[in-house]
Amino acid sequence: RNLGIFLQESGKLEDARKMFEETLEIRRRLRGPEHSKTLMSIGDLAFALLELGDSQEAEHSFLEALEFCERLGVEHPHDMNNASLLGRIRCGLGHVYRERSKWEDSLNWYDKAIDILKKVLEKDVRNLEARRFLIDTYAGLADALIGLNRRQDSLSNLDKAYKLTTEWRHSSLAVLRSLLAIRRH
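For every chain, the first residue of the written sequence is number 1, and numbering continues from 1 along that sequence. Given that this is a predicted model, residues contribute local features only at a pLDDT of at least 70 and side-chain atom pairs are listed and counted only at 80 or more, while totals for whole chains, interfaces and linings are drawn from all residues. Side-chain figures throughout are based on the complete set of non-hydrogen atoms in the structure, without hydrogens or water.

(A) Main features of helix α3 (residues 36–51). Between its first and last C-alpha atoms α3 spans 23 Å; for 16 residues at 1.5 Å apiece the expected length is 22 Å, and the two agree. For α3, the buried fraction is high: 13 of the 16 residues fall into the buried class. Secondary structure follows DSSP: runs of H or I at least 4 residues long count as helices, runs of E at least 2 residues long count as strands, and numbering of each begins at the N terminus. Just beyond α3, the residue with positive phi is Gly53, at close to 90°. An expected span of 1.5 Å times one less than the residue number is assigned to each helix. For the exposure calls, accessible area comes from a 1.4 Å probe over protein chains only, and a residue counts as buried if that area is under 20% of its type's maximum, exposed if over 50%, partly exposed in between.

Right under this line is the structure:
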């Protein structure tokens, strides 16, 4: 997984996709299809597919992971890692629909992601996965709101992402991309 993330962050998306596919295959075989690590690998692959422009396959992967998460009952953040994973998947679905200009669907998934990620951080403020994806969700939401010509709402959400970024000393390309998108519009 770590090598896949490194490759993805280095811009070697096709290599990252292959690494995530291999990791997913191994985890399915060793841990089973509904293990949290397997679900994390499905999410890793889905995000790589989305970056490669394959929103259809990314959506399929996110929905597969979502189905397993819901079956496991991670809606309530009694298990912070699983709840954080659910927020990550919801964020990913928000990105899928944003990329397709399905603004209302995008907003719905982002709102669901924000809800669960905030709950996770209320219980464990040090959860890095939840922090990262809450920032990414606010930035994605800001971008989707631009698509709906709701500039003021967009700026408000982008401000939330920026505050979380500076508060936690976490740099996020998503925040920078959204700032650029707002300036273009």
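Having seen it, we continue.
(B) Structural context of the nonpolar core. By size, the foremost hydrophobic cluster in this structure holds 48 residues, and its most contacted members are Leu39, Phe62, Ile89, Leu93, Leu117 and Leu134. Looking at this core, the elements with two or more residues in it are α2 (13–31), α3, α4 (55–72), α5 (80–99), α6 (103–123), α7 (128–147) and α8 (151–167). Note on definitions: a residue-residue contact is assigned when non-hydrogen atoms from the two residues lie within 4.5 Å. Apart from residues lying up to four places away in sequence, Leu117 is in contact with Ser84, Gly87, Arg88, Ala130, Phe133, Leu134 and Thr137. To form a nonpolar core, buried Ala, Val, Leu, Ile, Met, Phe, Trp, Tyr and Cys residues must be joined to one another through side-chain atoms within 4.5 Å.

(C) Up close: the pattern of salt bridges. One speaks of a salt bridge when a side-chain nitrogen belonging to Lys or Arg is within 4 Å of a carboxyl oxygen belonging to Asp or Glu. In the structure shown here, the tally under the stated rule is 13 salt bridges. Arg28 is paired through a salt bridge with Glu64; the nearest N and O atoms lie 2.5 Å apart. Taken together, the residues Arg28 in helix α2 and Glu64 in helix α4 connect sequence positions 36 residues apart. With a relative accessible area of 33%, Arg28 lands in the partly exposed category. Measuring nitrogen to oxygen at the nearest pair gives 3.9 Å for the salt bridge that ties Arg126 to Asp124. Given a relative accessible area of 66%, Arg126 falls into the exposed group. What emerges from the salt-bridge pattern is a single network uniting Glu14, Arg17 and Glu21.

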